[in-house]
Amino acid sequence: MKKNKEFEDFYKCNSIIKNGYVTLDNFLGDEESKRLSNLISSIEGGNPPENSQIFDQDGASYVFVDITKMSIVDDAKQEAVNTICRQYLGQKSISNLRFWLHGVEDAKNSSQSTNADINLVWHTDTFHPTLKGFLYLKPLAKEDGPFEFCSGGHRLTLRRIFFEYFSSLRFKSSQGFRAPNALKIYPNTEVQTFSNLGNSLIIADTFGFHRRGERTTKGKRYSLHISCRTNPFMYSV
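K.L.:
Looking at this structure, I do not really get the environment of Arg160. What am I missing?
P.N.:
By secondary structure assignment, the location of Arg160 is in helix H4 (residues 158–169). Between the alpha carbons of Arg160 and Ile185 there is a distance of 6.3 Å; along the sequence they are 25 residues apart. Sequence-distant contacts of Arg160, that is, excluding residues within four places in its chain, are made with Thr124, Gly153, His154, Arg155, Ile185, Tyr186, Phe207, Gly208 and Phe209.

K.L.:
Please clarify how unusual backbone geometry should be interpreted in this entry.
P.N.:
A negative phi angle is the norm for most residues apart from glycine, just as the trans form is the norm for most peptide bonds. Its identity as a non-glycine residue notwithstanding, Asn196 has a phi of 60°, on the positive side. Looking at the secondary structure, you find Asn196 in the loop between strand S7 (191–193) and strand S8 (201–205). Even without being a glycine, Asn199 presents a positive backbone phi close to 60°. Tracing the sequence through the fold places Asn199 in the loop between S7 and S8.

K.L.:
Got a minute to help me understand the sheet that holds strand S1 (residues 21–24) in this structure?
P.N.:
The strands that make up a sheet are held in pairs by hydrogen bonds between backbone atoms, and each pair lies either parallel or antiparallel. Within the open sheet, the seven strands sit side by side as S1-S8-S5-S10-S4-S3-S2. Their pairing is antiparallel. For this open sheet the edge positions go to S1 and strand S2 (53–57), each flanked by a neighbour on one side alone. Each strand of the sheet is rotated relative to its neighbour by a mean of 25°, with strand direction disregarded. Bridge count between strand S4 (residues 98–105) and strand S10 (residues 220–228): eight bridges; the pairing is antiparallel. Across the sheet, the residue bridging to Leu101 is Leu224, located in S10.

K.L.:
Help me understand the pattern of salt bridges in this model?
P.N.:
Two side chains with opposite charge may pair up if their charged atoms get near one another. For the coordinates displayed, the defined rule picks out seven salt bridges. In this structure, the salt-bridge partner of Glu44 is Lys220, at a minimum N-O distance of 2.8 Å. Highlighted residues: Glu44 in helix H2 (residues 30–44) and Lys220 in strand S10, separated in sequence by 176 residues. For Glu44, a relative accessible area of 45% puts it in the partly exposed group. When its relative accessible area of 40% is taken as the criterion, Lys220 is described as partly exposed.

K.L.:
What exactly am I supposed to notice about the nonpolar core here?
P.N.:
Across soluble globular proteins, nonpolar side chains have a tendency to be buried as a group. Of all hydrophobic cores here, the largest spans 32 residues; its most connected members are Phe27, Ile67, Val81, Phe99, Leu101 and Ile203. In terms of residues, this core owes the most to one element, helix H3 (residues 75–89), which gives five residues. Among all residues touching Val81, those that are not within four sequence positions of it are Phe27, Leu97, Phe99, Leu201, Ile203 and Ile226. Formed by nine residues, the second largest nonpolar core is a distinct cluster that contains Tyr21, Phe134, Leu140 and Phe149.

What counts and how
- Residues numbered from 1 in each chain as written.
- Predicted model: local features only at pLDDT ≥ 70, side-chain atom pairs only at ≥ 80, totals over all residues.
- Heavy atoms only, no water.
- Helix = DSSP H or I, 4+ residues; strand = E, 2+ residues; numbered from the N terminus.
- Contact = heavy atoms within 4.5 Å.
- Pairing = 2+ DSSP bridges.
- Axes fitted to C-alpha atoms, helices over the stretch in contact; angles between N-to-C directions.
- Salt bridge = Lys/Arg side-chain N within 4 Å of Asp/Glu carboxyl O.
- Buried < 20%, exposed > 50% of the residue type's maximum accessible area, 1.4 Å probe, protein only.
- Core = buried A, V, L, I, M, F, W, Y, C linked by side-chain atoms within 4.5 Å.

Here's what the structure looks like:
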């Protein structure tokens, strides 16, 4: 049984290595979903946890709650995700993996051409492999603006090396790591749109090019996020 589990984790890492992402279907169990729903009800009722971060940005209202130690997602699930992240990033241990409840309301972005919101433009989060995860509590249609990923866009090809070099020469922190022409850097790639997925955890190497799809609907939605970023200048053995 142990060998099967190790092989399963290895397979999931291989999926990230090959495509830049992996999906873990039916991630939350019934009890976990119930605990998460109770937390959302508490927030909606005007009683958010003390560690909540609530702010407005780009015409939308956001709430972030660190639920890593709130006994919402089972420890075994968190450890399984930690194992996948650790193996993919080549780390002996990872201490900064975080699980977040993410809420957003009235985020309606009518055009990606303005580049007003970096999340709408093809971009990379940083200059080295790093992992993020997203789980939509309810399936999103394409018009709801689901996560989009440039499949294979995490590979360090010759074009990508040139892109990184010239980007470093003109980097401006206010613009982040934007790359509107990302698909020209990976001309043979396919865009993976993660629509119609509910209770599936998407783990992606966000060194790869990604964006939030254009949203033409309005309303409130909640999702589960994970974040895992290590120091690229420290190697764990």
